[in-house]
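Notes for the structure review
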Amino acid sequence: MSTPRIVLFGATGFTGRLTAEALLARGARPLLAGRDPARLAALAASLPVELPTAVADVSRPDSVRRIVESGDVLVSTVGPFTRWGEPAIQAVTEAGAIYLDSTGEPPFIKRVFQRYGPAAAARGATLITAFGYDYVPGNLAAALALRKAGSEAVRVDIGYFVRGNMARRASAGTRASALGMILEPMYGYRDGRIIREHGRTRLFTVGGRKRHGISLGASEHFALPRAYPRLREVNVYLGWLGGLTRAAGVLARATPVIAALPGARRVTEAMADRAIRSGPRTSSPTDPAISSQTIAEAYAADGRLLAASHLDGGDPYDFTARILAWAATTALIDGVGGTGALGPVDAFGLDALSEGCATAGLLAR
């Protein structure tokens, strides 16, 4: 058997290239994998050390299976994941390996936990989805708040906020993923179960200012109740839209009607394809003007606020690359906390995750 290694699938994309650089900074020597041999060669030539490459294309699933073996850690940055993410999941499951990805797409996250997770557990494989800015900070902030709150906590609310021009910073893959999610149903976790949800909004206090967030599906809805069985409600809100949040909530409530219109999904897929073609092919330096704030609040059954946790970070893309690199190297050396679909806390433990996030620039206050 060969020595276990880190495989970076989607290495030539925006997030993939950033992750390759972050892995090198941690001393890792990953296998760079992607569908275009010319772009792989160009990436390898641009890096300060020589790395192996392999051609793997989601349209040919066998080519993806060939690049992963038992004990490997495969990091996938191939998005949109709802369209292109399944071959990597299948390859890792068949090999009995460890999987990490950078997705922020709610339907794909739900699929990993509900559909792919049981099959992976049966084969001794581990799937850790959404292990980037989407949605490691919320899992960590919530776990810290719940630890402070104690056994009374039955609900946790999480809010994601940024300062700076994220619209200008967004990669082609991010724009394509966002467009693909426009017509997808969202979900929440209430009364101890996953439910459909559209357009809930909530007001948070962030740095002394009132800011709105709109509900969205995330890994917290699946991961936190497993780690904290007393939880009956988990809410996750995105606060990137500023004053447009409440209008977006109204639009989200109309999503089921819009999605039922003939051709609606084909239109959003075409828009996503155009976003990919028009987006930048290379990564760009971290933008110091962009920062992130994540808030988690734990509540008792009677609605009392028991504890809160605040995390401050920098550029979300930089954090995603660095936390993926930390997770991949840690998993390769120390392993992870189980098989099947795991959340960040389940996979690495709260203290280790806190330290890993700190090395990636995410700090609690």
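Going by the structure above, here's the rest.
Now for a look at the structure at hand. Here the structure is a predicted model, which is why all the values come from computation and not from measurement.

Thresholds, definitions, all that
Residues numbered from 1 in each chain as written. Predicted model: local features only at pLDDT ≥ 70, side-chain atom pairs only at ≥ 80, totals over all residues. Heavy atoms only, no water. Helix = DSSP H or I, 4+ residues; strand = E, 2+ residues; numbered from the N terminus. Core = buried A, V, L, I, M, F, W, Y, C linked by side-chain atoms within 4.5 Å. Buried < 20%, exposed > 50% of the residue type's maximum accessible area, 1.4 Å probe, protein only. Contact = heavy atoms within 4.5 Å. Pairing = 2+ DSSP bridges. Salt bridge = Lys/Arg side-chain N within 4 Å of Asp/Glu carboxyl O. Phe/Tyr/Trp six-rings, centres within 6.5 Å; stacked < 30°, edge-to-face > 60°.

Looking along the chain, the bond that leaves Gly79 and enters Pro80 is cis, with omega of 0°. Between Asp134 and Tyr135 the backbone carries a cis peptide bond, its omega angle lying at -5°. The phi dihedral of Ala130 falls on the positive side, at around 55°, and the residue is not glycine. Within the secondary structure, Ala130 is located in the loop between strand E6 (126-128) and helix H7 (136-149). The phi angle at Asp191 is positive, at roughly 55°, despite the residue not being glycine.

It is worth spelling out the nonpolar core at this point. One finds Leu32 and Phe131 to be the most contacted residues of the largest nonpolar core, which totals 102 residues. The dominant element in this core, judged by the number of residues it contributes, is helix H14 (residues 316-334), at 10 residues. When neighbours within four sequence positions are excluded, Phe131 is seen to be in contact with Leu100, Asp101, Val136, Ile323, Leu324, Trp326, Ala327, Pro344, Phe348 and Leu353. Judged by nonpolar contacts, the second largest core, of five residues, contains Phe161, Val206, Tyr237 and Ile295.

A few words on the pairing of strand E9 (residues 193-197). Sheet topology note: the strand E8 (residues 186-190)/E9 ladder contains five bridges and is antiparallel. Each bridged residue has a counterpart across the sheet, and for Gly188 the counterpart in E9 is Ile195. Hairpin connection, E8 to E9: the antiparallel pair is bridged by two residues, and Asp191 has positive phi, about 55°.

Moving on, we come to the pattern of salt bridges. In total, this model carries 12 salt bridges according to the counting rule given. Here Glu197 and Arg190 are joined by a salt bridge, their closest N and O atoms 2.2 Å apart. Classification of Glu197 by relative accessible area gives buried; the value is 6%. As a salt-bridge pair, Asp302 and Arg304 come within 2.8 Å of each other at their nearest N and O atoms.

What follows concerns the packing of aromatic side chains. According to the stated counting rule, one finds 10 aromatic pairs in the structure shown. On the basis of an interplanar angle of 65° and a centroid distance of 5.7 Å, the ring pair of Phe204 and Tyr237 is categorised as edge-to-face. Here Phe204 is found in strand E10 (residues 201-206), whereas its partner Tyr237 is found in strand E12 (residues 233-238), with 33 residues between them in sequence. Each of the two residues, Phe204 as well as Tyr237, counts as buried.

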